[in-house]
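# Examining the three-dimensional arrangement
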Amino acid sequence: MNYRHAYHAGNFADVVKHVVLSRLVEYLKQKDKAFRVIDTHAGIGRYDLSSTEAQKTGEWQGGIGRLVDAALDAPAAALLAPYLEAIRSLNPEGGVKKYPGSPLIARHLMRKQDRLSAVELHRQDAAKLRALFAGDFQTRVIELDGWLALGAHLPPKEKRGLVLIDPPFEEEGEFDRLVDGLRKAHKRWPGGVYALWYPVKDRKAVAAFRKALAQSGVPKLLDIGFEIRPPSAEPSLDGSGMVVVNPPFTLEGELRRLLPALHNLLVIEKPAHWTLEWLAA
């Protein structure tokens, strides 16, 4: 898929992924006890939407560009507020020129007792991430293969938190690695919340992935599907999904409020659907 994220930052898939991330972090904040967010494929943390890469695709215009100033009903607006506040904190003059990646969104939403582990294998990206969080004692940037972090850094000492697994899908076998990685991580830390992002491009591969998860033995799997167009004649990113393990009891209801509002804004061609399905209850 060659998913170099600078080309795709702020697109529809980022919007859905980061909205879910923000709701998970907001739920964790309901208890005073500290938690940790572990981002296994953290990227560079902040993206310039005026860059050559972002301008070449213009994907952000069909994602956060449509959402940032959209008129929404009050309940949806309230649920989106933490996510949009993270974006506006980078754009004090209005509009969207800078877009925060998942580690920066998580960090923006954290309290003083919470911690972030941002894992990135690419040396230059890890250096940019380290510079972004320089002097931030609540954030640890780790140059490491994200798949190894699922063993080496679980469970976190806080015993509460979220693991975001968002691989770039640049290599064959990423769906299999997601299933195997989750299975191993869940054995080490069964009480953690996990969020697994995946692209909807190869429909057969997605169906096989969802079936493998349902048969993995990991309980409490909520699958979030979001399509912006029907299957393309040529392979294309027609949608994206997230599987949340141990989702907060509030999440399904929140998403049933949010996903229709987001879909109305971001859909390109119909028929296209959003879905919420329990792969394992």
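Structure report, in brief. Not measured: the values here are computed from a predicted model.

### Examining helix H5 (residues 102-109)
The buried count for H5 comes to seven of eight residues, which makes it a mostly enclosed element. Looking at H5, one finds that the buried residues are Ser102, Pro103, Leu104, Ile105, Ala106, Arg107 and Leu109.

### A short note on the nonpolar core
Among the nonpolar cores identified, the biggest contains 87 residues, and Ile64, Tyr83, Leu162, Tyr194, Tyr198 and Leu221 are the most heavily contacted of them. Take this core: its biggest share by element is 10 residues, from helix H1 (residues 12-28). Here leucine 221 is in contact with Leu182, Leu213, Ala214, Ser216, Val243, Val244, Val245, Glu277, Trp278, Leu279 and Ala280, once residues within four sequence places are set aside.

### Focus: the pairing of strand E4 (residues 115-120)
In terms of burial, E4 is largely enclosed, as five of its six residues are buried. Here strand E1 (residues 36-39) pairs with E4 via four bridges, running parallel. Bridged to isoleucine 38 within E4 is serine 117.

### Description of the packing of helix H8 (residues 174-188) against helix H9 (residues 203-214)
One way to put it is that H8 packs onto H9 with a least axis distance of 10 Å and a crossing angle of 10°. In this view, H8 runs roughly parallel relative to H9, as classed from their interaxial angle. Regarding H8 and H9, the two cross each other, and that crossing is right-handed. Where H8 approaches H9, its residues Phe175, Leu178, Val179 and Leu182 are matched on the opposing element by Ala205, Val206, Phe209, Ala212 and Leu213. Tallied by class, the residues present in the contact of H8 with H9 amount to nine nonpolar, no polar and no charged.

Analysis parameters
Residues numbered from 1 in each chain as written. Predicted model: local features only at pLDDT ≥ 70, side-chain atom pairs only at ≥ 80, totals over all residues. Heavy atoms only, no water. Buried < 20%, exposed > 50% of the residue type's maximum accessible area, 1.4 Å probe, protein only. Helix = DSSP H or I, 4+ residues; strand = E, 2+ residues; numbered from the N terminus. Core = buried A, V, L, I, M, F, W, Y, C linked by side-chain atoms within 4.5 Å. Contact = heavy atoms within 4.5 Å. Pairing = 2+ DSSP bridges. Axes fitted to C-alpha atoms, helices over the stretch in contact; angles between N-to-C directions. Parallel < 35°, antiparallel > 145°, perpendicular 65-115°, else oblique. Left-handed = near helix turned anticlockwise from the far one by under 90°. Nonpolar A, V, L, I, M, F, W, Y, C, P; charged D, E, K, R; others polar.

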